[in-house]
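One-letter residues, chain by chain:
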There are 2 protein chains.
Amino acid sequence: MDFQVSFNVNNKLFVKDPENTDLGRQIVKNAIDLIYTLGFEQFTFKKLAIEIQTTEATIYRYFENKHKLLLYILNWYWSYMEFLVMFKLQNLDNPEIKLIAVIDLLTSDLPVNSGKFDYNKKFLNQIVISESSKAYLVKDISEINKDEVFKPYKDLCSKIADLIAEYNPNYKFPKSLTTTLIESSHQQQFFADNLPKLTDVNELNQKDFVNSFLKDLLFKSILI
Amino acid sequence: MDFQVSFNVNNKLFVKDPENTDLGRQIVKNAIDLIYTLGFEQFTFKKLAIEIQTTEATIYRYFENKHKLLLYILNWYWSYMEFLVMFKLQNLDNPEIKLIAVIDLLTSDLPVNSGKFDYNKKFLNQIVISESSKAYLVKDISEINKDEVFKPYKDLCSKIADLIAEYNPNYKFPKSLTTTLIESSHQQQFFADNLPKLTDVNELNQKDFVNSFLKDLLFKSILI
DNA sequence: TTAAAAATGATAGTATTACTACCATCTCAA
DNA sequence: TTGAGATGGTAGTAATACTATCATTTTTAA
């Protein structure tokens, strides 16, 4: 199996499309590595410029600021995730099995190969876990929301919410349950790594623990 | 009913205890107002100093940096919340009623009066909703965790987790469910305000909506 | 093929942030 | 009344988050 996946990430997120040039792809790839290594607060365009041996000015030609760059990376992730969901669900028709597949995706690492985008998927996963809420927990959210920068996230959520509604049309909170599952999958992984007393991780590995917690939460909530 | 509540907030969080002086209390009070108004990213000690007509140097005599000040404020909140939980649960012995009382607390505004601490409770609530995850989603979490700065949060969680275990001793994820409920209560309020399509808010007001969602989630999960 | 256009590099500069240092003053308590 | 502690005021530094300008290189289109 070998194919190219490509998404059109919202063009409000960049000044110049980084997918079109070597340098652009270098910027995104190394940004992922650096944000993972330093954390978003310590990450700067200056440090990134030094890393790829260019200048700040050049990076500013691609992205207005680091917040937009983070949004770009997350949008790429959410689009890829939605693609994976579609891909995994094809040929499945039992709603329960579909939902199990979704939870499995939410709690596993991204598959490594996706064509020319050799982003470090482990790092990308960790960024989503540790930094993604910083993309929306900002004072000017209503401004940036106008540019539809949360569309891929919303699309994924609405797809999952539809599966829930399919499973149990009477359940009252399909969307809120979906966002709770997604955000909780990040939180619980973060807590399991860093503040394990806030979780019930045990001898199981973390991914399995989060997976079983989320399944329990989901299926008890939507039980018919 | 009139009484004084006082908590000893972890002394690793300040250089000089702000509760002991007028200026110290001014700093905390106005920090809450400013963080609410500007958001944590735009909030600076310089702006706070101008607001209360003092200098940056003075504020640095109380707090090492703005992250510690945020932690201080959140610790105060979590300690107060634990006090409220204890207070509300006294004389209750039905585990279900206790849990309902907890959810009600998590989804309502703080009571206005608590002695000399005339912090703006509405603002404090919003700060907890919008900024609290920034306190732990940092690269040096394991460092700051050594100073027990998350103790009040952990204590509250463990208290609630105990109630869940009391209700259903066989439920496997009392702690993870607790953190999910708390964090989800913030998230859903934030989404209801800012990205309502990610939720199922309807004609109900937001607090009622979040309240009923969380109760549904909780009691279905721990059903015996 | 050549000239124009676009992309990048190099350097510099500004305002703000996140501090630290130092000294003067003021106050309150022994 | 003296002296310790709290605060004010000023200054300074390194880093951040940009913007501007100009030179060079690369691409493209006529």
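Since we're looking at a predicted model, the values are computed, not measured.

Rolled over the atoms, a probe with the dimensions of a water molecule shows which regions are left empty. Empty space within the largest pocket amounts to approximately 830 Å³. Lining the largest pocket are 31 residues, and of these Glu41 and Lys66 of chain A together with Phe40, Glu41 and Lys66 of chain B lie nearest its centre. Its residues assigned to classes, the lining of the largest pocket shows 10 nonpolar, 9 polar and 12 charged.

Looking at DNA strand D, there are 17 residues lining it, with Tyr60 and Asn65 of chain A together with Thr54, Arg61 and Tyr62 of chain B nearest. Note that a base nitrogen of DNA strand D is positioned 3.3 Å from one of the side-chain N or O atoms of Glu56 of chain A. If you list the elements that add at least two residues to the surface near DNA strand D, you get α3 (56–60) of chain A together with α3 (56–60) of chain B. A per-element tally of the surface near DNA strand D places α3 of chain A first, with 3 residues. Classifying every residue of the surface near DNA strand D by side-chain character gives 5 nonpolar, 5 polar and 7 charged.

Contacts between chain B and chain A engage 46 residues on the former and 46 residues on the latter. Across the interface of chain B and chain A, roughly 4000 Å² is buried in total on both sides, 62% from carbon and sulfur atoms. Across the chain B-chain A interface, the total number found is 0 salt bridges. The tally of links between chain B and chain A comes to 18 residue pairs in polar contact (both at pLDDT 80 or more). Secondary structure elements with two or more residues in the side of chain B that touches chain A: α1 (22–38), α6 (121–136), α7 (141–146), α8 (151–167), α9 (174–194) and α10 (206–221) of chain B. With 13 residues, α9 of chain B is the single largest residue contributor to the side of chain B that touches chain A. Classifying every residue of the side of chain B that touches chain A gives 20 nonpolar, 15 polar and 11 charged.

Each copy of the sequence occupies a distinct position, and chain B is placed on chain A by a rotation of 180° and an axial shift of 0.0 Å, giving an RMSD of 0.0 Å. Put plainly, the chains are arranged around a two-fold axis. It is Lys220 of chain B whose C-alpha, among those of chain B, lies nearest the rotation axis, at 2.9 Å. Residue by residue, 100% of the interface of chain B is reproduced at the interface of chain A, so both copies engage with the same surface.

To continue, consider empty space enclosed by the protein. Counting across every chain of the model gives 4 cavities of 30 Å³ or more. Put simply, the largest cavity is a space of about 210 Å³. Together, 19 residues line the largest cavity, and Ser133 and Gln187 of chain A together with Ser133, Tyr136 and Gln187 of chain B are the ones closest to its centre. If one sorts the elements of the lining of the largest cavity by residue count, α6 of chain B sits on top with 5 residues.

Time to look at helix α4 (residues 66–89) of chain A. All names here are of chain A. The end-to-end C-alpha distance of α4 is 34 Å, a good match for the 34 Å that 24 residues give at a rise of 1.5 Å each. Taken across its 24 residues, α4 has 19 buried, putting it largely inside the fold. Capping the start of α4 is the job of one residue whose side-chain oxygen sits 3.2 Å from the backbone nitrogen of His67: Asn65.

All right, on to the protein's contact with DNA strand C then. Around DNA strand C, a shell composed of 15 residues is seen, among which Thr54, Arg61 and Tyr62 of chain A together with Tyr60 and Asn65 of chain B lie nearest. Backbone atoms, meaning sugar and phosphate, form 52% of the atoms of DNA strand C found within 4 Å of the protein. Thr58 of chain A is positioned with one of its side-chain polar atoms (N or O) 3.4 Å from a phosphate oxygen of DNA strand C. At 3.4 Å, a side-chain N or O of Glu56 of chain B approaches a base nitrogen of DNA strand C. Ranked by residue count, the leading element in the surface near DNA strand C is α3 of chain B, at 3 residues.

Excluding glycine, residues mostly have negative phi values, and the peptide bonds linking residues are mostly trans. Although it is not a glycine, Glu148 of chain A sits at a positive phi angle of roughly 60°. You can call Glu148 of chain A partly exposed: its relative accessible area is 48%. You will see that Asn91 of chain B, though not glycine, has its phi angle at about 75°, which is positive. Here Asn91 of chain B lies in the loop between α4 (66–89) and α5 (95–106). Classification of Asn91 of chain B by relative accessible area gives exposed; the value is 75%.

Residue and element names in this part refer to chain A. Here helix α5 (residues 95–106) spans 17 Å end to end across 12 residues, near enough to the 16 Å set by a 1.5 Å rise per residue. Where α5 is concerned, the buried positions are Lys98, Leu99, Ala101, Val102, Ile103, Leu105 and Leu106. Structurally, α5 contributes buried residues whose contacts are with α4, α9 (151–167), α10 (174–194) and α11 (206–221).

This paragraph deals with the packing of aromatic side chains. Overall, the coordinates contain 36 aromatic pairs over all chains when judged by the stated rule. When the centroid spacing of 6.3 Å and the interplanar angle of 10° are considered together, the rings of Tyr80 of chain A and Phe83 of chain A count as stacked. Here the residue Tyr80 of chain A and the residue Phe83 of chain A both occupy positions in helix α4, the gap between them amounting to 3 residues, near one helical turn. Pairing Trp76 of chain B with Tyr80 of chain B gives two aromatic rings, centres 5.2 Å apart and planes at 40°, and the pair type is tilted. Remark: Tyr80 of chain B and Trp76 of chain B occur in helix α4; sequence separation between them is 4 residues, near one turn of the helix. Here the two residues Trp76 of chain B and Tyr80 of chain B agree in accessibility, since each one is buried.

All names here are of chain A. Contact pair α4 / helix α6 (residues 121–131): the axes reach a minimum separation of 11 Å and the direction vectors enclose 110°. Taken as axis vectors, α4 and α6 run roughly perpendicular relative to one another. Listed contacts from α6 to Leu70, Ile73, Leu74, Trp76, Tyr77, Trp78 and Tyr80 of α4 are Lys121, Leu124, Asn125, Ile127, Val128 and Glu131. A class-by-class count of the residues in the contact of α4 with α6 yields 10 nonpolar, 1 polar and 2 charged.

Parameters and conventions
- Residues numbered from 1 in each chain as written.
- Chains lettered and ligands numbered in written order.
- Predicted model: local features only at pLDDT ≥ 70, side-chain atom pairs only at ≥ 80, totals over all residues.
- Heavy atoms only, no water.
- 1 Å grid on protein atoms, 1.4 Å probe; cavity = no way out; pocket = protein on both sides within 12 Å on 5 of 7 lines; lining within 4 Å.
- Points joined across faces, edges and corners; volume = space filled by probe spheres on them.
- Nonpolar A, V, L, I, M, F, W, Y, C, P; charged D, E, K, R; others polar.
- Near = heavy atom within 4 Å.
- Polar contact = N/O pair within 3.5 Å; in protein donor to acceptor, adjacent residues only side chain to side chain.
- Helix = DSSP H or I, 4+ residues; strand = E, 2+ residues; numbered from the N terminus.
- Contact = heavy atoms within 4.5 Å.
- Buried area = accessible area lost by both parts, 1.4 Å probe.
- Salt bridge = Lys/Arg side-chain N within 4 Å of Asp/Glu carboxyl O.
- Least-squares fit on C-alpha atoms with pLDDT ≥ 70 in both.
- Expected span 1.5 Å × (residues − 1).
- Buried < 20%, exposed > 50% of the residue type's maximum accessible area, 1.4 Å probe, protein only.
- Phe/Tyr/Trp six-rings, centres within 6.5 Å; stacked < 30°, edge-to-face > 60°.
- Axes fitted to C-alpha atoms, helices over the stretch in contact; angles between N-to-C directions.
- Parallel < 35°, antiparallel > 145°, perpendicular 65-115°, else oblique.

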